[in-house]
Amino acid sequence: MTPDTDIESAPWWDGLRAHRIVLQRCTACGRPRFPPMPRCPVCASAASERFESEGRGEIYSYVTAHQPVSPGYEGPFPYTVATVELLDGVRVLAQVEPAGAAGIGAKVVPFFVDHGDWTELRYQVVG
Amino acid sequence: MTARPAAVAGVGFTDLTRASGRSVLDLASEAVAAAVADAGLSPADIDGMGSFMLMDDSVPCVAVASALGMGPLRVVLDLQLGGQAPCHLVWQAAQAVARGDAETVVVYRALNGRSGARVGSMRFAGMGGQYRYPIGYGAYLMYVAMWAQRFLAETGQGAEDLGAVAIGQRRHAERNPRAYRREPLDLDAYLAEPFVVEPFRRSDCTVEVDGACAVVVTGVDRARDLPHAPAVVASGCYRAGRRPGLDIGDHLLWEDYTRNYTSWLREELFARAGVGPGDVEVAEIYDCFTSTVLMGLEGLGLCGRGESGAFVRSGACALEGLLPTNTGGGLLAEGYLHGMNTVAEAVLQVQGRGGPRQAPRHEVAVVTSGALMDGSALVLTADR
């Protein structure tokens, strides 16, 4: 399933296509944010810039799907999706491998999975 | 001008089925007509309506008003919302009555939730979906599970605590002829169920049904002349906590997955009603999934932080317990009418019409609507 991208998210998806993690940062208060959006969710400033993140982080929470419940997603099962808290201070959603090795607080590192017309950010548990 | 206090005077239901074979308008009309009749009124007495739907899965108020020859309508509230809406709408109905904008308002939810569009697997509109659907994170069940995992870990609770909610409510459903899931459940059977989305098993999840439910709100003074004792709407409150996200499933900006909207609205809700959590005698907590009951009990201060599982396991939430909770089996066992039936059950309890599942003390009830970032709640009381 190809993501329904928009004008706010284009730099994120273009970055992933080039195997780079491109985040957005408020230039008024300096806080990074995700998902990309037109205003800073803390100070409401419209001024922002993009920066590249190493993407390392740890698992804030996670779920493991054992059955098809997500519309249009065919597996394989089981798979784990985590809310990953990046060292940069934002959270992203991503699948985590290996499924079942995830735990709260587990350290994870990013990698990229190229699909036909988009690239997915995925994580590997490292401890 | 002195505000006119409002009360719920009647409730109405259709049967809950897996395949109604009927239009949503047909279901809505039946439940609304039943609620109006239960209140001892006729459709021509209704001058306000409220309802909610997601992704056009229901019919607007004017359709039901047309089918039943109601009105003329002075207040109409059609919300594009999910389970956050029922208490919110009843509170708005009560406010409309209090202001004199309407005399009698019907609030309903109708859906072919099993045979038609299923809320649990809807693809919601909004800017957040692009980060979820392509990676297989696209069901409401998963969002609640994501919070549950963190909540359980941070508060030192686990599978037996979730299971206790499902088991206790199934016991209540045995006394509710309308309930869809009525077969007994024990801990061994619960733990033996395979995971759907870990940490949730089948019995942690609501059962989707076709059906409709409605309640009638009018002035307390008028309700006193109607057949049933008024369930006074003592307080209502809606709250979207800070940074509630880009759409109904986007929780990335929400800081704390262990506290939902109930933590944010508790103080205002109880203060307006002039009661405290310790005064509550019946609780109807929105339960699309078991974890939201635990989080709601803690969020409302009905038990301490991290103590909800032990509270449920102690039997406190049973009909004969300290705080009978989800007395009709809830969305988990009665069926998923998106929390409208959660409100109706509270009304029946306060009115003393719970029959074999009536809580012994039922002068003060709290009801909630919603699971995550935003939601609403009511305090209903006997006419004191």
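Located above this text is the structure these notes cover.
Just so you know, these numbers come straight off a predicted model, no measurement behind them.

Trainee: Teacher, can you tell me more about the state of the cysteines here?
Mentor: Throughout this description, disulfide means a covalent bond between two cysteine sulfur atoms. Applying the stated criterion to the full structure yields 0 disulfides over all chains. Between C43 of chain A, a cysteine without a disulfide, and C26 of chain A, which holds the nearest cysteine sulfur, the sulfur-to-sulfur distance is 3.6 Å. Assessed through its relative accessible area of 33%, C43 of chain A is described here as partly exposed. With no disulfide partner, C288 of chain B has as its closest neighbouring cysteine sulfur the one in C205 of chain B, 9.2 Å distant. What makes C288 of chain B buried here is its relative accessible area of 3%.

Trainee: I'm lost on the layout of surface pockets in this one. Help?
Mentor: Using a probe with the size of a water molecule, rolled over the atoms, empty space left in the structure can be pinpointed. All names here are of chain B. For the largest pocket, the calculated volume is near 750 Å³. Every residue lining the largest pocket is counted, 37 residues in all, and those nearest its centre are G120, C205, T206, E208 and F289. Taken together, the residues of the lining of the largest pocket sort by class into 21 nonpolar, 9 polar and 7 charged. Roughly 300 Å³ of volume is contained in the second largest pocket. Considering only residue class, the lining of the second largest pocket consists of 9 nonpolar, 1 polar and 6 charged.

Trainee: Whenever I open this one, the pairing of strand β1 (residues 6-13) of chain B confuses me. Can you help?
Mentor: Note on strand geometry: in a regular strand, side chains alternate between the two faces of the sheet. Residues and elements named next belong to chain B. Most of β1 sits out of view: 8 of its 8 residues are buried. Bridge analysis of β1 against strand β7 (residues 210-219) gives 7 bridges, and the strand direction is antiparallel. Its bridge partner being in β7, A6 is matched across the sheet by G219. Alignment of β1 against strand β8 (residues 231-240), held across 2 bridges, turns out to be antiparallel.

Trainee: I would appreciate a short explanation of empty space enclosed by the protein in the present structure.
Mentor: Within the structure shown, the criterion is met by 2 cavities of 30 Å³ or more. Within this model, the largest cavity holds a volume of roughly 110 Å³. Along the wall of the largest cavity there are 13 residues; nearest its centre are W12, W13 and L93 of chain A together with Y131 and I135 of chain B. If you tally residues by element for the lining of the largest cavity, the top one is helix α1 (residues 10-17) of chain A, at 3 residues. Here the residues of the lining of the largest cavity are counted per class, giving 11 nonpolar, 1 polar and 1 charged. Roughly 40 Å³ of volume is contained in the second largest cavity.

Cut-offs applied
- Residues numbered from 1 in each chain as written.
- Chains lettered and ligands numbered in written order.
- Predicted model: local features only at pLDDT ≥ 70, side-chain atom pairs only at ≥ 80, totals over all residues.
- Heavy atoms only, no water.
- Disulfide = S-S within 2.5 Å.
- Buried < 20%, exposed > 50% of the residue type's maximum accessible area, 1.4 Å probe, protein only.
- 1 Å grid on protein atoms, 1.4 Å probe; cavity = no way out; pocket = protein on both sides within 12 Å on 5 of 7 lines; lining within 4 Å.
- Points joined across faces, edges and corners; volume = space filled by probe spheres on them.
- Nonpolar A, V, L, I, M, F, W, Y, C, P; charged D, E, K, R; others polar.
- Helix = DSSP H or I, 4+ residues; strand = E, 2+ residues; numbered from the N terminus.
- Pairing = 2+ DSSP bridges.

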